[in-house]
Every structure is written in structure tokens, then in C-alpha cells.
Amino acid sequence: MATINDNYLKLKAGYLFPEIARRVNTFTQSNPNAPIIKLGIGDVTEPLPEACRTAMMKAVEDMGDRSTFKGYGPEQGYNWLKEKIAAQDFQARGCDVDPSEIFISDGSKCDNGNILDIFGKNNKIAVTDPVYPVYVDTNVMAGHTGEGKDDGKYEGLVYIPITADNNFTATIPTQKVDLIYLCFPNNPTGAVATKEHLQAWVDYAKANGSIIFFDAAYEAFITDPSIPHSIYEIPGARDCAIEFRSFSKNAGFTGTRCALTVVPKTLTAKAADGSDVELWKLWNRRQSTKFNGVSYIVQRGAEAVYSEAGKAQIKALVSFYLENAKIIREKLTAAGLQVYGGVNAPYVWVKTPNGLSSWDFFDKLLQTCNVVGTPGSGFGAAGEGYFRISGFNSRENVEEAMKRITEKFKV
Ligand SMILES: *Cc1c(COP(=O)(O)O)cnc(C)c1O
């Protein structure tokens, strides 16, 4: 008799976005003409940069000619792309990252989950709370947790709160943990980590033999020049950190699919016999065995991100979303709400007024303004009492939604 991976039964059945959809449906059934504006889901809305489209169309032509046709590419990605990433994203910021340490993939979400393949079963794992749900659910699937509890937390995981009380920084744990997920600029809070804060994490990781998974999916949104874009800007990070990056949010590749993971060759972890093993070798083996690379066409599109035209277009795209976030911040503040984030990130994190729960605030905003956001409690227990509003939308929708909140929402 075939059996299943019982860990899947521990998962809370994709609660957040289905529940949002259910409440919106119920509302529109009784209010069929309500002009709903969705500022909830973390997906981009604006079209792909022209430089990327042009490069991909040229790549399609390459595929139509015997002399330039490409079959299987390197599982780790083409060198012409990895060299540009190493030079412009890392070496230009003083980070010692070699092209051979970069692995091109079809998404950061995938890599964030897949990375667990190369780690043991008995690591102590820490996540922030609130958190990008992928980090938690992939650990549940891999059997690294106990049962889920009523407050949404899983037994066995260490939760590090990031709230207004600690200025949205992830406080270094007093206990020893082996794997730590950090995401800065943060989804969902929009908070960033200073050099000093990341240095403290690197020092902790080195002292404890821990590995940091650093998710930098939103680094392009950093506007403050003192904030590090990569964890490798921090001395010592090459000995304790893996960094995940993606073309999804800077270049609008959420539907096109391209990302990268950096595994420094200096990074090791312990084998059962106590010896130190290079993680790069394991990840290289894992990718070569289970992955066949990102399509040539898409990698050419990603390469165009590093051209002069591409850089200008991406800057404009990111600025557009940041301007949306600024409008959201200003209008919500004027409406009497306390807001965080939205300066170095596309997300604005709103404190719900008068002690409303995240879901009560959701319902109130839906009913009075026909605006949909994301309840903070859906990202973790410490997200209760907060609400995420995304700058990923058209200017028209953002302005209309903010107009309604200013006119109709009474704190
Ligand atoms: C959007 C996002 C990503 C990117 O995922 P892709 O699979 O590359 O599209 C990674 N991490 C976080 C926290 C995100 O919000």
C-alpha cells in the first residue's frame, strides 16, 4: 500500500488567501456593483521592461537558427548572466562573490524550499514572526516541525517577533539555533536591516555554527544608501550565509520566472561524522540532479536587466511602485493611521486602529471603502493587529483607494 508524506497533513490548509477570496466573494454577492480595489496580493502589475522583452525576442530568433540554437544549458545557469550578476550586484558593492558561486533558478520561492534538501533533519530552525509563509510551510513538509497550534505556530520552530515594540528588527535569540531565515527589506512589514543589525546576526551565526538564509528579493527597493543590499556586505557573511535573489520584484519577472541563489564556496556545515562539508558541492549536486536550468530565452531576458537601457527601465519601475507606497503612507497617515515600511520596500504595514483585529480591519476596509488588503495575522501570530497594503498596483487604483479611505474611513 502506498503511503503519503504525513507531514503534509500538519499544514494549515492555505488559509490566508482563500479566506480573503471567500470574504470578498460574500461581500460582492450582496454588493454586486461594488468597485473593489485589490491592494492585497504581492504580485507586480506593470509590464516587463522593454530591454528584457527585446532580448527575449532576439533569443527566440536564436532558437530558430541551427547555428545559434540552444539545447540543455548548464544547470547552474549561463556564465554570461552569472558574470554580470557577480560584477554588478555584488562586486560593485564590495562583496566577494564569484560567478561560480551563483546558481540561476526559476524562482526564489522554489530555492527557499529546495535548499532544505541539503540540510539535516535535526536542525533547530528560526523564522521571524510575521514571516513569508514559504519558509515555514517547507519546513513542515520536510518534517522539521511538530504539529501546528491554534495560534498558527508550529511546535519545534523558534519564532522571532518583528513588531513596533522592537522597531521591526529581528532580535538575536538567546538560545542556539542552526538555520535562520531573514528577509530584508521585509515582506510583509517593509522594514529593513542596518549593517550593524546584520553584523550582529553574522557574529551570532559564526559563534554558533549556524547558517543564515538571507532573502533579498526586495533589495532593489532600498532607497536609504546606508542600508546593505546584500548580506555579503557584512564581514564574515561568506562563512555563514546563503543569499536568495529574484528578478520577480525588480524586473517584473513574477510570470517570466528567474532568480538566483548564492552559495559561497567557503560555507560549510557538519556531516554526521563531525567533518565539515562544503555546502556549495551539495547544492551543485542537488541542482545538477533535480533541475535542468532556466530557459535560454528567460536568461537572456534577465541579462538585459544589466544593460544600460535595462538598468534605467528597472529603476523607473521600482520608483513607480515606491511612489505608490509613498502615496499610501501619506494618505493613511493623514487618515489618522499609524504606518510603517513603504520607504525601502513596496509594502506598507499598517497598525490597525482602536485595537481592531487584523480581520476586523479587513472587513471594515472592505465594507466602507471596497478596498482589499492583507490581514497581518495571516503572516504569523505577531502580525495580529497589523495589515499589509501593497504598492504593486496602477497609480489610478492606488489614488482611488486612498481617496476612499481619506473620505470614508473613520479611525
Ligand atoms: C516575491 C518574493 C520572492 C520571490 O519569489 P519568486 O519565486 O522568485 O517569484 C521571494 N521571497 C519573498 C519574501 C517574496 O515576497
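Quick caveat, the model's predicted, so the values are computed rather than measured. (Residues numbered from 1 in each chain as written. Predicted model: local features only at pLDDT ≥ 70, side-chain atom pairs only at ≥ 80, totals over all residues. Heavy atoms only, no water.)

Our focus in this paragraph is the packing of helix H2 (residues 50–63) against helix H8 (residues 296–303). H8 packs onto H2 with a crossing angle of 145° between their chain directions and a minimal axis gap of 8 Å. Classified by chirality, the crossing of H8 by H2 is right-handed. Contacts between H2 and H8 involve Cys52, Ala55, Met56, Ala59, Val60, Asp62 and Met63 on the former and, on the latter, Tyr296, Ile297, Val298, Arg300 and Gly301. Classifying every residue of the contact of H2 with H8 by side-chain character gives nine nonpolar, one polar and two charged. (Axes fitted to C-alpha atoms, helices over the stretch in contact; angles between N-to-C directions. Helix = DSSP H or I, 4+ residues; strand = E, 2+ residues; numbered from the N terminus. Left-handed = near helix turned anticlockwise from the far one by under 90°. Contact = heavy atoms within 4.5 Å. Nonpolar A, V, L, I, M, F, W, Y, C, P; charged D, E, K, R; others polar.)

Spatially, E2-E8-E7-E6-E5-E3-E4 is the arrangement adopted by the seven strands of the open sheet, whose pairing is mixed. Of all strands in the sheet, those bounded by a partner on one side alone are strand E2 (102–105) and strand E4 (157–161). Adjacent strand axes in the sheet meet at a mean angle of 20° when their direction is disregarded. Across five bridges, the pairing between strand E3 (residues 125–129) and E4 is parallel. Bridging across to E4, alanine 126 finds its partner in valine 158. Set on the sheet, helix H3 (residues 79–90) makes contact with E2, strand E7 (241–246) and strand E8 (259–262); between it and E2 the angle comes to about 115°. (Pairing = 2+ DSSP bridges.)

We now examine unusual backbone geometry. Residues aspartate 129 and proline 130 are joined by a peptide bond in cis, for which omega reads 0°. Summarising the element assignment, proline 130 is placed in the loop between E3 and helix H5 (133–141). Positive phi values are uncommon outside glycine, yet phenylalanine 168 reaches one of about 60°.

If you check the shell around the ligand, you find 14 residues, and the closest are Asp215, Tyr218, Ser246, Ser248 and Lys249. Take serine 246: an N or O atom from its side chain is 2.7 Å from an oxygen atom of the ligand. A distance of 2.7 Å separates an oxygen atom of the ligand from a polar side-chain atom of arginine 257. Calculation on the ligand without its partners gives an accessible area of 380 Å², and the protein chains cover 94% of this total. Each residue belonging to the shell around the ligand can be placed in one class, and the counts come to five nonpolar, five polar and four charged. (Near = heavy atom within 4 Å. Polar contact = N/O pair within 3.5 Å; in protein donor to acceptor, adjacent residues only side chain to side chain. Areas by Shrake-Rupley, 256 points an atom, 1.4 Å probe, with all protein chains shown as cover.)

As a further point, take the side chain of glutamine 287. With respect to the element layout, glutamine 287 can be found in helix H7 (residues 279–290). Sequence-distant contacts of glutamine 287, that is, excluding residues within four places in its chain, are made with Glu75, Phe103 and Asp111.

The N-to-C vectors of helix H10 (residues 358–369) and helix H11 (residues 395–408) enclose an angle of 95°; their axes lie 10 Å apart at closest approach. Classed by the angle they form, the pair H10 and H11 counts as roughly perpendicular. Counted together, Leu365, Thr368 and Cys369 of H10 and Arg404, Ile405 and Lys408 of H11 form the full contact between these two elements. Its residues assigned to classes, the contact of H10 with H11 comprises three nonpolar, one polar and two charged. (Parallel < 35°, antiparallel > 145°, perpendicular 65-115°, else oblique.)

A word on the sheet that holds strand E14 (residues 374–375). One open sheet accounts for four strands, arranged E11-E12-E15-E14; its pairing is antiparallel. Of all the strands in the sheet, just strand E11 (338–341) and E14 have a single pairing partner and so form its edges. Sheet analysis places E11 next to strand E12 (residues 347–351), joined by four bridges and oriented antiparallel. Looking at the pairing, tyrosine 340 lines up with tryptophan 349 of E12.

A few words now on H8. One turn of an α-helix holds 3.6 residues; hence residues three or four places apart share an orientation. Among the eight residues of H8, six are classified as buried, and the element is accordingly described as predominantly covered. Regarding H8, the residues found buried are Tyr296, Val298, Gln299, Gly301, Ala302 and Glu303. Among the structural elements, H2, H3 and E2 are those in contact with the buried residues of H8. (Buried < 20%, exposed > 50% of the residue type's maximum accessible area, 1.4 Å probe, protein only.)

What follows is about the pattern of salt bridges. Side-chain pairing between opposite charges can occur once the charged atoms of the two side chains come close. If you walk through the whole model with that rule in mind, you get 20 salt bridges. For arginine 404, the salt bridge goes to glutamate 400, with nearest N and O atoms at 2.9 Å. One end of the pair, arginine 404, and the other, glutamate 400, are both in helix H11, four residues apart, so they sit about a helical turn from each other. Classification of glutamate 400 as partly exposed rests on a relative accessible area of 30%. Connected through salt bridges with shared partners, the residues Glu19, Arg22, Arg23 and Asp363 form a single ionic network. (Salt bridge = Lys/Arg side-chain N within 4 Å of Asp/Glu carboxyl O.)

The terminal C-alpha atoms of helix H6 (residues 195–208), which comprises 14 residues, lie 20 Å apart, in line with the 20 Å expected from a rise of 1.5 Å per residue. Turning to H6, the residues buried within the fold contact E4, strand E5 (179–183) and strand E6 (211–215). (Expected span 1.5 Å × (residues − 1).)

The subject of this paragraph is the environment of serine 210. With respect to the helices, strands and loops of the structure, serine 210 is situated in the loop between H6 and E6. On a C-alpha basis, the gap between serine 210 and valine 371 in space is 42 Å, while along the polypeptide they are 161 residues apart. Residues in contact with serine 210, not counting those within four places in the same chain, are Val177, Asp178, Ile180, Tyr204, Ala205 and Cys240.

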